[in-house]
Amino acid sequence: MSDAPRLRVGVLASGRGSNLRAILSGVEARRVRAEVVVVLSDRSGAGALDIARDHGVEALVLDPTLHPGREGYDQALIALLEERRVELVCLAGYMRILRPVFVRHFEGRLLNIHPALLPAFPGLHAQRQALEHGVRIAGATVHFVDEGVDTGPIVLQAAVPVRQDDTEASLSDRILAEEHRIYPEAIRLFAEGRLRLEDRHVRILEEP
Ligand code: GAR
């Protein structure tokens, strides 16, 4: 890998942080030309914060109850990310809906991972929705975030079979393994300047 500057990534996470860990693995193995400069969470108990600290990454909690209004909260998030000159924001199990002010600020530089083959099953409990619907194929999607819920331009997807005896837990595990593969891959493509947004389509450019 060349000595070109590494992309400055900020990760927003509310939960256990397994996607964060996968991203850090890709970065530390130098498969992804990026560095995670900060992990921000709305929950002080988020496992993602411990993972960040274990990897020497700054970990901050922004307590929603201390910020007046959701827009004020997102403005504070923007300020923290800008202070650290973050170039790409990755949502990794971040469970708050971002306000338009945030989405517009980071337009084209804001990725999310969702445990479904979008546009099927947006929102909460995607794996449960898939099981209840009776689909045979489920999966994961990395997408740019727009102002809708899980509606933005799709970067990468991976499919997994749904088995007759699947539970929400077993299906979630199978999907999660794919999440851990495609999220670092999407960040790698972004960092290499190979994602071009054309309206709502994402063109993946050939390796130079
Ligand atoms: C992941 O399955 C991610 O796709 C999902 O939350 C989980 C977080 O796990 N995100 C959403 O449902 C967003 N709508 P993690 O904390 O272990 O990365």
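Look a little higher up for the structure.
Analysis parameters
- Residues numbered from 1 in each chain as written.
- Predicted model: local features only at pLDDT ≥ 70, side-chain atom pairs only at ≥ 80, totals over all residues.
- Heavy atoms only, no water.
- Salt bridge = Lys/Arg side-chain N within 4 Å of Asp/Glu carboxyl O.
- Buried < 20%, exposed > 50% of the residue type's maximum accessible area, 1.4 Å probe, protein only.
- Helix = DSSP H or I, 4+ residues; strand = E, 2+ residues; numbered from the N terminus.
- Arc of directions from axis to C-beta.
- Near = heavy atom within 4 Å.
- Polar contact = N/O pair within 3.5 Å; in protein donor to acceptor, adjacent residues only side chain to side chain.
- Areas by Shrake-Rupley, 256 points an atom, 1.4 Å probe, with all protein chains shown as cover.
- Axes fitted to C-alpha atoms, helices over the stretch in contact; angles between N-to-C directions.
- Left-handed = near helix turned anticlockwise from the far one by under 90°.
- Contact = heavy atoms within 4.5 Å.

K.L.:
Just checking my understanding: could you explain the pattern of salt bridges for this structure?
P.N.:
Tallied over the entire structure, the rule returns 13 salt bridges. In this structure, glutamate 83 and arginine 84 form a salt bridge, with 3.3 Å as the shortest nitrogen-oxygen distance. What makes glutamate 83 exposed here is its relative accessible area of 57%. On the basis of relative accessibility, which here comes to 17%, the residue arginine 84 falls in the buried class. For arginine 181, the salt bridge is made with glutamate 178, and the minimal N-O distance between the two is 2.7 Å. Of the two residues, arginine 181 and glutamate 178 are both situated in helix H6 (residues 168-191); the distance of three residues between them amounts to about one turn of the helix. Members of the salt-bridge network, linked through shared partners, are Glu185, Arg188, Glu192 and Arg194.

K.L.:
For this particular structure, what's the right way to read helix H5 (residues 126-133)?
P.N.:
The periodicity of an α-helix, 3.6 residues per turn, causes residues three or four places apart in sequence to face the same way. Buried residues of H5: Ala126, Gln127 and Ala130, and no others. Burial along H5 is one-sided: seen end-on, the buried residues are contained in an arc of 100°. Taken from the residues just after H5, glycine 134 is the one with a positive phi, measuring 85°.

K.L.:
Would you mind showing me how to read the site of the ligand here?
P.N.:
If you check the shell around the ligand, you find Gly15, Arg16, Gly17, Ser18, Asn19, Gly93, Met95, Ile113, His114, Pro115, Leu176 and Glu179 and nothing else. Glycine 17 places a polar main-chain atom, nitrogen or oxygen, 2.8 Å from an oxygen atom of the ligand. Within the backbone of asparagine 19, an N or O atom sits 2.9 Å from an oxygen atom of the ligand. Here the ligand has 450 Å² of accessible area as a free molecule, and 88% of this is covered by the chains. Contributions of two or more residues to the shell around the ligand are made by helix H1 (18-28), strand S5 (110-114) and H6.

K.L.:
It is not clear to me how the packing of H5 against H6 should be interpreted in this structure. Could you clarify?
P.N.:
The description of two packed helices rests on the angle between their axes and on the distance between the axes. Where H5 contacts H6, the two axes come as close as 9 Å, and the packing angle between them is 115°. Crossing of H5 over H6 shows right-handed handedness. On H6, the residues touching Gln127, Arg128, Ala130 and Leu131 of H5 are Glu168, Leu171, Ser172 and Ile175.

Nothing here speaks to function; it is all geometry.
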